[in-house]
Amino acid sequence: GDSEGSETGRDFVTIKYSQYPRASITAFTEGFYNSTLNKMISDTLRVYLRNSGSPYAVADSSISKLDSSGNGRFYFPNVLNGSNYYIVLKHRNSIETWSSSFNVFSSDTLTYDFTINANKAFGNNQVLADNSPVRFAIYSGDINQDGTVDASDLSDTDNDALNSISGYVRTDVTGDDFVD
C-alpha cells in the first residue's frame, strides 16, 4: 500500500513476503470438478500436517484456496525441514483424505499432487474424476464431517434444497452456491 504524505505525495510502500515454509498442494474436490473443462470451481481447503509416528499428532495447519486447476499454496510456521509429515486434506463437505506416505520439507518447500493417481491418497481413497487427462479427486458428500457419506448427509442436503438455501454452505456439494 501507500500513504499520502503532506509534502511529497505518496511516500512509502509496504510489501510483506511470507518467510514460513510453504507447501504447493494440488487436489480436486469431486463435486466441484468439471471434466469437460478440466477445471474445478475454486474453493477453500484446510491442510493439516501430521507427524509420521503414532499418534500422528497435528504439527501445523494452514488454510488456502485451491484455484481452478486445483493448485493451492499453504504456509506452515511450525514445521521443520527434514521432518516427516503426512498431509491431511479437509474440505467443507468432503471425506478427510491423507497422503499415502509421509513427506518432507526441503529448503522450506514441499510439493504434492493428489490428482495424478488414486495411490497418492492413503488407501487409494480417491475417485476417478476424469479419464482424459486422468485426474483423481477427493470424495465429496460428507456434509456432517463424520467420516462417511450416508443418508444423514443426504437428509441435510435435501432439507436445504427444499428450503432453497444458497450461498457458501456445506450442503452445496457442486460449488455453484445453490443446494440442489
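In the block above lies the structure referred to throughout.
Counting restarts for each chain: residues are numbered from 1 in the order of the written sequence. Local features are withheld for residues below a pLDDT of 70 in this predicted model, meaning they are given only at 70 or higher, and side-chain atom pairs are given and counted only at 80 or more; totals for whole chains, interfaces and linings count all residues. To obtain the side-chain values, all non-hydrogen atoms of the structure were used and water was disregarded.

(A) Quick peek at the overall build of the chain. The secondary structure listing takes helices from DSSP runs of H or I that are at least 4 residues long and strands from runs of E that are at least 2 residues long, numbered from the N terminus. The number of helices and strands found in the chain is 1 helix and 14 strands. If you line up the chain on its principal axes, its C-alpha atoms span 65 × 45 × 35 Å. Three exposure classes are used, based on accessible area relative to the maximum for each residue type with a 1.4 Å probe and protein chains only: buried under 20%, partly exposed in between, and exposed over 50%. Residues counted as buried form 33% of the 180 residues belonging to the chain. We call two residues in contact whenever any of their non-hydrogen atoms come within 4.5 Å of each other. Restricting the contact set of the chain to residue pairs at least 6 apart, pairs at least 24 apart contribute 52%. With residues, only the protein chains shown are counted as cover, and all accessible areas are computed by Shrake-Rupley using a 1.4 Å probe. About 10,000 Å² of surface is accessible on the chain, with carbon and sulfur atoms providing 48% of the total.

(B) Looking closely at the nonpolar core. As used here, the term nonpolar core means buried Ala, Val, Leu, Ile, Met, Phe, Trp, Tyr and Cys residues forming a set that is joined through side-chain atoms within 4.5 Å. Counting residues in hydrophobic clusters, the biggest one holds 25 residues, and the most contacted among them are Ile25, Phe76, Ile87, Leu89, Phe105 and Phe114. Sorting the residues of this core by element identifies strand S3 (22-26), strand S6 (43-51), strand S9 (84-90) and strand S12 (109-113) as the ones contributing at least two each. Once residues lying within four places of it in the same chain are set aside, the contact partners of Ile87 are Ile25, Val47, Tyr48, Leu49, Thr97, Trp98, Ser99, Asn103, Leu110, Tyr112 and Phe114.

(C) Structural context of the packing of aromatic side chains. Within 6.5 Å between ring centres, the rings of Phe, Tyr and Trp (the latter by its six-membered ring) count as paired, and their orientation is classed by plane angle as stacked under 30 degrees, edge-to-face over 60, tilted in between. In this structure the tally under the stated criterion is 8 aromatic pairs. Geometrically, the ring pair formed by Tyr112 and Phe114 is edge-to-face, given 4.8 Å between the ring centres and 70 degrees between the ring planes. This pair shows no difference in class: Tyr112 is buried, exactly as Phe114 is. Aromatic rings pair up to connect Tyr56, Tyr86, Trp98 and Phe102 into one cluster. A ring has a charge above it when a Lys NZ or an Arg CZ is no more than 6 Å from the ring centre and no more than 35 degrees off the ring normal. Taking NZ or CZ as reference, Arg92 lies 3.8 Å from the ring centre of Tyr168, over its face.

(D) Quick look at unusual backbone geometry. A cis amide bond links Ser54 with the next residue in sequence, Pro55, at an omega value of 10 degrees. Assignment of secondary structure puts Pro55 in the loop between S6 and strand S7 (58-66). For the bond from Ser132 to Pro133, the omega torsion is -5 degrees, close enough to zero to count as cis. Relative to the helices and strands, Pro133 is located in the loop between strand S13 (127-131) and strand S14 (134-137). Phi at Ser107 is positive, roughly 50 degrees, even though this residue is not glycine. Inspection of the secondary structure assignment puts Ser107 in the loop between strand S11 (103-104) and S12.

(E) Quick peek at the sheet that holds S12. Each pair of strands is called paired provided DSSP finds at least two bridges between the two strands. Across the sheet, 3 strands lie side by side as S8-S3-S12; this open sheet has mixed pairing. Strand pairing shows two members of the sheet lacking a second neighbour, strand S8 (71-75) and S12, which therefore form its edges. Taking each pair of neighbouring strands and ignoring which way they run, the sheet shows an average axis angle of 15 degrees. In the sheet, S3 pairs with S12 via 5 bridges, with the strands oriented parallel. Among the inter-strand pairings, Ser24 is bridged to a residue of S12, identified as Thr111. Working convention: axes come from line fits to C-alpha atoms, limited for helices to the stretch in contact. Angles between N-to-C directions cover 0 to 180 degrees.

(F) Structural context of helix H1 (residues 151-162). To estimate how far a helix should reach, multiply one less than its number of residues by 1.5 Å. For H1, with 12 residues, the first-to-last C-alpha span of 16 Å sits near the 16 Å given by 1.5 Å per residue. Once H1 ends, the next one or two residues include Ser164, with phi positive near 55 degrees.

(G) Focus on the side chain of Asp43. If you trace the backbone, Asp43 turns up in strand S6. Among residues more than four places away in sequence, those in contact with Asp43 are Phe32, Ser64, Lys65, Leu66, His91, Arg92 and Tyr168.

(H) Layout of the environment of Val58. Note that Val58 resides in strand S7. Assessed through its relative accessible area of 42%, Val58 is described here as partly exposed. In this structure the C-alpha to C-alpha distance between Val58 and Phe136, which are 78 residues apart in sequence, comes to 25 Å. Those residues in contact with Val58 that sit more than four places away from it in its chain are Tyr48, Leu49 and Arg50.

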